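Observations on chain architecture
Now for the letters of each chain:
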Amino acid sequence: MAYTNASETVSLEGDIQIHPSKTANKGTIDESIKETIVRDVRSVCRKVTHVIFPRRGHELLNDWDLWGPFFIFIVLALVLQLSHGQKEDAGAPQFAQVFTVFWFGVIAVSLNTKLLGGNLSICQTVCVLGYCILPLVTCLVINVVIKLLTSAGTWILLIRLAIVFTGLSYSLFSAATFLAPSSKPTRVALVVYPLCLFYFFIGWLVFVNTGPSRI
C-alpha cells in the first residue's frame, strides 16, 4: 500500500518480523535455572583445569567469577572445623575465624597487587587467589584421611609435611603464573612475597589442624 500525492510517494508497507541474527545473541536472561547452573558449573570446572594446568590458558582472568573461590572456601572452613574429633573440638578453628583469615588475606594480597601497578582488577585477583588455593584444600582432605586411618608416628608426620609442602608449592606456582605476567617486571617480587606469606599461613593451618594432637 502506498499514499500518493502530486509531489511524492510514501510507502506504508513494512516488515515486522525480527531478523534471526538479532535473536542469536539474546544473552542469558531468558535461560532456565537449570541451564544457568549447568553453565556455571562447567565454567568453574574449566577454571579448576586452568589451576591444575596453569599454562593452558587465561580463562581464569578473562571470565572471572567468585562462585568458585566461595565454594572452595566453604570446603576449607568446614573440613578444618571437622578435622578435630569431638574431644578436640575446642581446638578446631571456627568458621568465622577461617572466614576472616581467608578473605582478609585474599583482599589484602589483591589490593597490594593492584597498588603495585598490576593490570588485573581486584575481583580478577581475588578469583585467581581463590581458585589457586585448591591444591592446599586437596592436601587438607588427604591429610584428614591419613589422620583417620593411621596413628601418630614420625613417618606419618613427614608424609603429611611433604603433602602440605607439595600443595603449597603448586598453589604458589599456579597463582604466580597468572599474577606475575600482569605485574611490572621490577615489582614481581613485591607481588609474590605477600602471596607466599598468605599461602604459607593457610598451609600451616592445614598441617597443624590435621595432626594427631594440637600444637
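Residues numbered from 1 in each chain as written. Predicted model: local features only at pLDDT ≥ 70, side-chain atom pairs only at ≥ 80, totals over all residues. Heavy atoms only, no water.

The name an unreviewed UniProt entry assigns to the protein is Protein YIPF, from the organism Hydatigena taeniaeformis. Under the UniProt heading Sequence similarities (unreviewed entry), the note attached to the protein is "Belongs to the YIP1 family." (UniProt positions renumbered as here; feature names shortened; annotations may be inferred.)

With respect to the helices, strands and loops of the structure, Ile 146 is situated in helix α7 (residues 134-149). Sequence separation between Ile 146 and Arg 160 is 14 residues, and the spatial gap between their C-alpha atoms is 8.0 Å. Ignoring sequence-local partners within four residues, the contact set of Ile 146 consists of Ile 156, Ile 159, Arg 160 and Ile 163. (Helix = DSSP H or I, 4+ residues; strand = E, 2+ residues; numbered from the N terminus. Contact = heavy atoms within 4.5 Å.)

All right, on to the UniProt feature "transmembrane region" (unreviewed entry) in the protein then. The sites that UniProt annotates as "transmembrane region" (unreviewed entry) are residues 64-83, 95-116, 128-149, 155-176 and 188-207. In the segment residues 64-83, helix accounts for 80% and strand for 0%; the C-alpha atoms at its two ends are 31 Å apart. Each end of residues 128-149 is marked by a C-alpha atom, and these two atoms are 33 Å apart; helix forms 95% of the span and strand 0%.

On to a nonpolar patch on the surface, then. A cluster of nonpolar residues, Val 75, Val 141, Val 145, Leu 148 and Leu 149, forms a patch on the protein surface that exposes about 480 Å² of accessible area. Here the nonpolar patch gets 4 residues from one element, more than from any other, and that element is α7. Relative to the assigned elements, Leu 148 resides in helix α7. Leu 148 gets classed as exposed once you look at its relative accessible area, which sits at 68%. (Patch = residues over 30% accessible without salt bridge, like charges linked within 9 Å, V, L, I, M, F, W, Y side chains within 5 Å. Areas by Shrake-Rupley, 256 points an atom, 1.4 Å probe, with all protein chains shown as cover. Salt bridge = Lys/Arg side-chain N within 4 Å of Asp/Glu carboxyl O. Buried < 20%, exposed > 50% of the residue type's maximum accessible area, 1.4 Å probe, protein only.)

Before going further, it helps to spend a moment on helix α2 (residues 33-52). Since the α-helix advances by 3.6 residues per turn, residues separated by three or four positions end up pointing in the same direction. Between the first and last C-alpha of α2 there are 29 Å, a value that for 20 residues agrees with the 28 Å anticipated at 1.5 Å per step. All buried positions along α2 are accounted for by Ser 43, Lys 47, His 50 and Val 51. The buried side chains of α2 occupy one side of the element, clustering within an arc of 105° when seen end-on. Residues of α2 that are exposed and angled more than 90 degrees away from the buried face: Lys 34 and Arg 42. (Expected span 1.5 Å × (residues − 1). Arc of directions from axis to C-beta.)

Here the focus is the side chain of Gln 124. Within the element layout of this structure, Gln 124 appears in helix α6 (residues 122-132). With relative accessibility at 15%, the residue Gln 124 sits in the buried group. Here Ser 121 takes part through its backbone nitrogen, which lies 2.9 Å from a polar atom of the side chain of Gln 124. (Polar contact = N/O pair within 3.5 Å; in protein donor to acceptor, adjacent residues only side chain to side chain.)

Moving on, we come to the packing of α7 against helix α9 (residues 188-208). Here α7 crosses α9 at 10°, and the two axes come no closer than 10 Å. Here α9 runs roughly parallel to α7, going by the angle between their axes. Residues Leu 136, Cys 139, Leu 140 and Asn 143 of α7 lie in contact with α9, whose contacting residues are Tyr 199, Ile 202, Gly 203 and Val 206. Of the residues assigned to the contact of α7 with α9, the class counts are 6 nonpolar, 2 polar and no charged. (Axes fitted to C-alpha atoms, helices over the stretch in contact; angles between N-to-C directions. Parallel < 35°, antiparallel > 145°, perpendicular 65-115°, else oblique. Nonpolar A, V, L, I, M, F, W, Y, C, P; charged D, E, K, R; others polar.)

Further remarks concern the packing of helix α5 (residues 95-115) against α6. At their nearest, the axes of α5 and α6 sit 9 Å apart, and the two run at 130° to each other. Between α5 and α6, the angle is such that the two are oblique. Every pair of crossing elements has a handedness; the one defined by α5 and α6 is right-handed. Judged by residue contacts, Phe 102, Trp 103, Val 106, Val 109, Ser 110, Leu 111, Thr 113 and Lys 114 of α5 engage Ile 122, Thr 125, Val 126, Leu 129 and Gly 130 from α6. By residue class, the composition of the contact of α5 with α6 is 8 nonpolar, 4 polar and 1 charged. (Left-handed = near helix turned anticlockwise from the far one by under 90°.)

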